[in-house]
Amino acid sequence: MANYFNEDTIIYLDGAFVKAADTKMNLYSQSLHYGYAVFEGIRSYRTKSGETKIFKAKEHYDRLRVSAETLSLPYEYDTDELIAATYKVLADNNLQDAYIRPLVYVGENMSFNKNTSAHLTIQAWEMGAFLGDKLLRIMTSSFERPNPKGFKIHAKAAGHYVNSIMASQEAKAKGYDEALLTDMNGFVAEGPGANVFYEKDGKLFTPSLGNILPGITRATVLEICQALALPVEEKFFTVEELYGADAAFFCGTAAEVIGWESLDGKPFTKNWDETLSKKIQETYSALIVEKK
Ligand code: PMP
């Protein structure tokens, strides 16, 4: 378990900077009982120049707003102010390489009725750049992603992560590193906390939007493909199509770009080091620390 906070840790809570250890959670919170909250997962990095830089800060806080509005959670925050508050949380805690977790939640309310106010907290803890060379052994999950007719799947809602937790725990219990979930039509959707790409014959593919979280890293990978003039296509595809790929990877803020060794025990035949995917991984790792 990561060391999320200690007695000195400072968090942002409703406009103030306070000690994490002094804060209280209302146990009658509608968010706690029903998973009715939205959040973000952001990273900051110590850049090549030594500065601390939050990667895609605006994109993340814009998505937080969309998530809150999608779920009818009160949200009256200004993105620029929240970015400034986040930099202060990092500075107050002496953090450069960090994971940042903004969370919008509501207070006591056991009904299903709308709330007139909400809380916003920003927490951060140390997290070094990952980009491991160890390739992942992935299992197709027995769980599907939530049906977009039942959930607003483009929102990063807390309750959706019960699905992620079940899928991830199932894969790990079976000896795999992580799960791959399909959508309600049986097409490849995403991982419990990351989007997916595969590479075949010099071209990249990723699931179309609609049944997945529109990942900010996914968008960054699409930009990288454009910058490197790599052909890329968004489409719906099956697990069988993925079995025949040259390479595949997960991408997400926490996961960054991480290659797969195998899917359901079937290895990807191309050597990761010789793939376009690896080139994308390297470009991403240079981008986050502004190493041109
Ligand atoms: N899908 C899911 C379900 C996720 O939780 C995440 C992580 N936020 C992603 C995809 C990747 O999104 P991002 O690149 O914005 O971190």
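Scroll up for the structure.
A quick note: this is a predicted structure, and the numbers were derived from the prediction, not measured.

What counts and what doesn't
- Residues numbered from 1 in each chain as written.
- Predicted model: local features only at pLDDT ≥ 70, side-chain atom pairs only at ≥ 80, totals over all residues.
- Heavy atoms only, no water.
- 1 Å grid on protein atoms, 1.4 Å probe; cavity = no way out; pocket = protein on both sides within 12 Å on 5 of 7 lines; lining within 4 Å.
- Points joined across faces, edges and corners; volume = space filled by probe spheres on them.
- Helix = DSSP H or I, 4+ residues; strand = E, 2+ residues; numbered from the N terminus.
- Nonpolar A, V, L, I, M, F, W, Y, C, P; charged D, E, K, R; others polar.
- Domains from an automatic or database assignment.
- Contact = heavy atoms within 4.5 Å.
- Near = heavy atom within 4 Å.
- Polar contact = N/O pair within 3.5 Å; in protein donor to acceptor, adjacent residues only side chain to side chain.
- Areas by Shrake-Rupley, 256 points an atom, 1.4 Å probe, with all protein chains shown as cover.
- Sits in = over half its atoms within 2 Å of the grid points.

Caption draft 1: Region of interest: the layout of surface pockets. In this structure, the largest pocket encloses a volume near 1,100 Å³. Looking at the largest pocket, it is lined by 38 residues, and the ones nearest its centre are Tyr 99, Pro 192, Gly 193, Ala 254 and Ala 255. Mapped by element, the contributors of at least two residues to the lining of the largest pocket are strand E6 (98–105), helix H4 (161–173), helix H5 (216–227) and strand E14 (247–252). The biggest single contributor to the lining of the largest pocket is H4, with six residues. Classifying every residue of the lining of the largest pocket by side-chain character gives 19 nonpolar, 11 polar and eight charged. Of the domains in this structure, domain 1 (10–126) and domain 2 (136–288) are the two that each give at least three residues to the lining of the largest pocket. In this structure, the second largest pocket encloses a volume near 360 Å³. Secondary structure elements with two or more residues in the lining of the second largest pocket: strand E1 (10–13), E6 and strand E7 (119–126).

Caption draft 2: View of the environment of Leu 263. Inspection of the secondary structure puts Leu 263 in strand E15 (residues 256–263). For the pair Leu 263 and Ile 138, spaced 125 residues apart in sequence, the C-alpha separation works out to 4.8 Å. With residues near it in sequence (within four places) discarded, Leu 263 still touches Ile 138, Met 139, Thr 140, Leu 180, Val 239, Leu 242, Tyr 243 and Phe 268.

Caption draft 3: Layout of the site of the ligand. Around the ligand, the structure places 16 residues, and the nearest of them are Lys 156, Tyr 161, Glu 190, Thr 217 and Thr 253. Separating a nitrogen atom of the ligand from a side-chain N or O atom of Lys 156 is a distance of 2.7 Å. Contacts to the ligand include Thr 217, whose side-chain N or O atom sits 2.5 Å from an oxygen atom. Here the ligand loses 96% of its free accessible area of 390 Å² to cover by the protein chains. More than half of the atoms belonging to the ligand lie within 2 Å of the grid points that define the largest pocket. Of the residues that constitute the shell around the ligand, the class distribution is five nonpolar, seven polar and four charged.

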